[in-house]
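For reference, the chains in residue letters:
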Amino acid sequence: HKKDAVVFGKIEQVSSKVYNVYIYIYDVFSEKSLYQKKIRVHNSGFRRIAHFLSDKIYYVLLGQKGSFDTRLSYVTVSENSNGGRTYKLQISDSDGFNPQTVVRSSNPILSPAWSKDQKKLAYVSFKNNRSEVFVMTPFLKTIPIKLPKFDGIASSPTWHPDGESIALTLSKNGNKDIYLYDFKSKPIPLTTNIAIDTEASFSPDGSKIAFTSNRTGQVQVYIKDLKSGKISRATFEGRYNAKPVFSPDGKDLALIHRVGKDYRLALLDIASRDLTVMTQNKSDESPYFSPNGGMIIYSTNRDNKGILSIISLHNNQVVELMQKEGEVREPSWSNYSN
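Described below are features of the structure shown in this document. (Residues numbered from 1 in each chain as written. Predicted model: local features only at pLDDT ≥ 70, side-chain atom pairs only at ≥ 80, totals over all residues. Heavy atoms only, no water.)

Remarks on the nonpolar core
Basically, it comes down to this: Residues grouped as a nonpolar core are buried Ala, Val, Leu, Ile, Met, Phe, Trp, Tyr and Cys residues, joined through side-chain atoms within 4.5 Å. Each residue's exposure class comes from its accessible area (1.4 Å probe, protein chains only) as a fraction of the maximum for that residue type: buried when under 20%, exposed when over 50%, partly exposed otherwise. Each helix corresponds to a stretch of at least 4 residues labelled H or I by DSSP, and each strand to a stretch of at least 2 residues labelled E; elements are numbered beginning at the N terminus. Contact between two residues is taken to exist if any of their heavy atoms lie within 4.5 Å; hydrogens are not considered.
Core analysis: the biggest nonpolar cluster contains 14 residues, and Val133, Leu147, Phe150 and Leu168 have the highest contact counts within it. Those elements that place two or more of their residues in this core are β8 (121-125), β9 (132-136), β11 (154-159), β12 (166-172) and β13 (175-181). Broken down by element, this core gets its largest block of residues, three residues, from β12. Contacts of leucine 168, omitting those with residues within four sequence positions, involve Val133, Leu147, Phe150, Ala154, Ser155, Ser156, Pro157, Asp177, Ile178, Tyr179 and Tyr181. Judged by nonpolar contacts, the second largest core, of twelve residues, contains Val77, Val103, Ile109 and Tyr123.

Focus on a nonpolar patch on the surface
Basically, it comes down to this: Patch building starts from residues that exceed 30% relative accessible area and form no salt bridge, then joins like charges within 9 Å and nonpolar side chains (Val, Leu, Ile, Met, Phe, Trp, Tyr) within 5 Å. Method for areas: the Shrake-Rupley scheme with a 1.4 Å probe, in which residue coverage is limited to the protein chains shown. One speaks of a salt bridge when a side-chain nitrogen belonging to Lys or Arg is within 4 Å of a carboxyl oxygen belonging to Asp or Glu.
On the surface, Val7, Leu34, Leu61 and Leu62 cluster together into a nonpolar patch covering about 320 Å² of accessible area. Looking at where leucine 62 falls in the secondary structure, it is placed in helix α1 (residues 46-62).

Observations regarding unusual backbone geometry
Trans peptide bonds make up most of the peptide bonds, and negative phi angles are found at most residues other than glycine. In this structure, glutamate 31 takes a positive phi of about 55 degrees despite not being glycine. A positive phi angle, near 60 degrees, is found at asparagine 316, a position not held by glycine. Inspection of the secondary structure assignment puts asparagine 316 in the loop between β25 (305-312) and β26 (318-320).

Brief notes about the sheet that holds strand β15 (residues 197-202)
Definition in use: At least two DSSP bridges between two strands are required for those strands to pair. Between the N-to-C directions of two axes lies an angle of 0 to 180 degrees, each axis being a line fitted to C-alpha atoms and, for a helix, fitted only over the stretch in contact.
Strand order in the open sheet made by the four strands is β15-β16-β17-β18, with antiparallel pairing throughout. Pairing within the sheet leaves two strands with one partner each, and these edge strands are β15 and β18 (231-233). Within this sheet the neighbouring strands show an average axis-to-axis angle of 30 degrees, counted without direction. Bridge count between β15 and strand β16 (residues 208-213): four bridges; the pairing is antiparallel. Each residue of the ladder has a partner; that of serine 201, found in β16, is alanine 210.

Remarks on the sheet that holds β8
Across a sheet, paired strands are connected by hydrogen bonds in the backbone, their directions being either parallel or antiparallel. The strand order β7-β8-β9-β10 describes an open sheet built from four strands, whose pairing is antiparallel. A strand with exactly one partner marks an edge of an open sheet, and here the two such strands are β7 (109-114) and β10 (145-146). Sheet topology places β9 next to β10; two bridges connect them, and they run antiparallel. Across the sheet, the residue bridging to valine 135 is isoleucine 145, located in β10.

Overview of the environment of arginine 48
Inspection of the secondary structure assignment puts arginine 48 in helix α1. We classify arginine 48 as partly exposed; its relative accessible area is 46%. Along the sequence, arginine 48 and phenylalanine 68 sit 20 residues apart, while their C-alpha atoms lie 9.1 Å from each other.

Details of the pairing of β8
Across the five residues of β8, five count as buried, placing the element largely inside the fold. Here β8 shows no split at all, with Leu121, Tyr123 and Ser125 on one side and Ala122 and Val124 on the other all buried. Inspection of the sheet shows β7 paired to β8 by four bridges, in the antiparallel sense. Bridging from a neighbouring strand, alanine 113 pairs with alanine 122 of β8. In textbook terms, the turn of a hairpin is the stretch between consecutive antiparallel strands, and for β7 and β8 this stretch comprises six residues, one of which, glutamine 118, has a positive phi near 70 degrees. Where β8 meets β9, five bridges bridge the pair, whose relative direction is antiparallel. Pairing of valine 124 across the sheet is with valine 133, part of β9. Taking the residues between adjacent antiparallel strands as the criterion, β8 and β9 are bridged by six residues, where asparagine 129 takes a positive phi near 65 degrees.

If you want it as structure tokens, here you go:
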């Protein structure tokens with residue numbers, strides 16, 4: 001088995017806390033250097049530099065931007081000492097390390113969603129005993145803002161790529177539809193149907209939304225063109241397809257597809273309608289693409305416990321993220337920081 005490239009690395013201590021990190025990527029066929037760099041780093045910055053260099057290697061070898069120097073958000077659920085549950089909204093590095101709790105509550109937290117510029121997180125909280133959407137700026141240490149009390153309950157927030165507005169599900173008069181809210185004026189309905197319309201996801205250019213609806217009596221995924229107003233059905237395989245999210249190139253949707261009694265991660269090619277089931281699991285939930293589109297993170301159940309898994313779309317390899325406490329759910333992946 002011939003190797004295409006070799007990566008060499010070296011770390012050299014300069015002083016008690018300062019190191020030089022060397023990296024060299026060598027092409028075996030052309031016998032040329034593809035990339036070389038020396039970086040001086042404080043020992044507190046090792047993980048960040050490792051992620052930065054991993055992205056470089058990914059780019060040099062695959063021609064695609066890497067997703068290592070990005071962040072995840074997710075919800076953990078653990079039992080507390082008096083028999084109740086503690087819910088935490090956490091942010092971590094892309095491999096699950098360095099978790100920081102940004103919201104802690106004894107009531108459920110759901111559906112964290114990053115804005116494209118990585119500065120804001122929207123999420124759902126039941127702290128007032130009803131489903132409400134909050135928006136926070138996790139790196140500015142400000143207090144989360146609760147969205148106004150719309151008629152009915154609010155759920156499933158998702159950011160427009162411009163970061164100025166969000167789509168969310170509002171149930172007015174008991175009927176769930178998707179609305180666009182710009183934080184200034186009244187929410188504008190994007191769907192108006194007597195069925196349940198929910199779980200919106202914007203296409204990368206903001207021109208379309210994918211969403212889940214039971215308008216045919218089955219749970220299926222639909223796409224609405226926001227310019228023309230046309231709604232078309234996207235999924236035709238099986239009786240249950242939900243929780244769609246667009247890939248960063250806008251060509252695919254990751255979604256949850258039911259096979260028998262199992263709920264599995266699947267990938268839909270929007271143009272050809274080809275649906276590929278990606279796992280053999282029983283209860284996958286909440287898929288989300290890495291910013292380069294090369295991986296999908298999702299939550300699933302292992303030994304009756306919620307865990308996060310990442311699947312590579314290059315080779316279908318799955319990595320489970322280590323989790324120290326409780327169950328983990330509802331992952332979301334930030335965009336690039338620059």
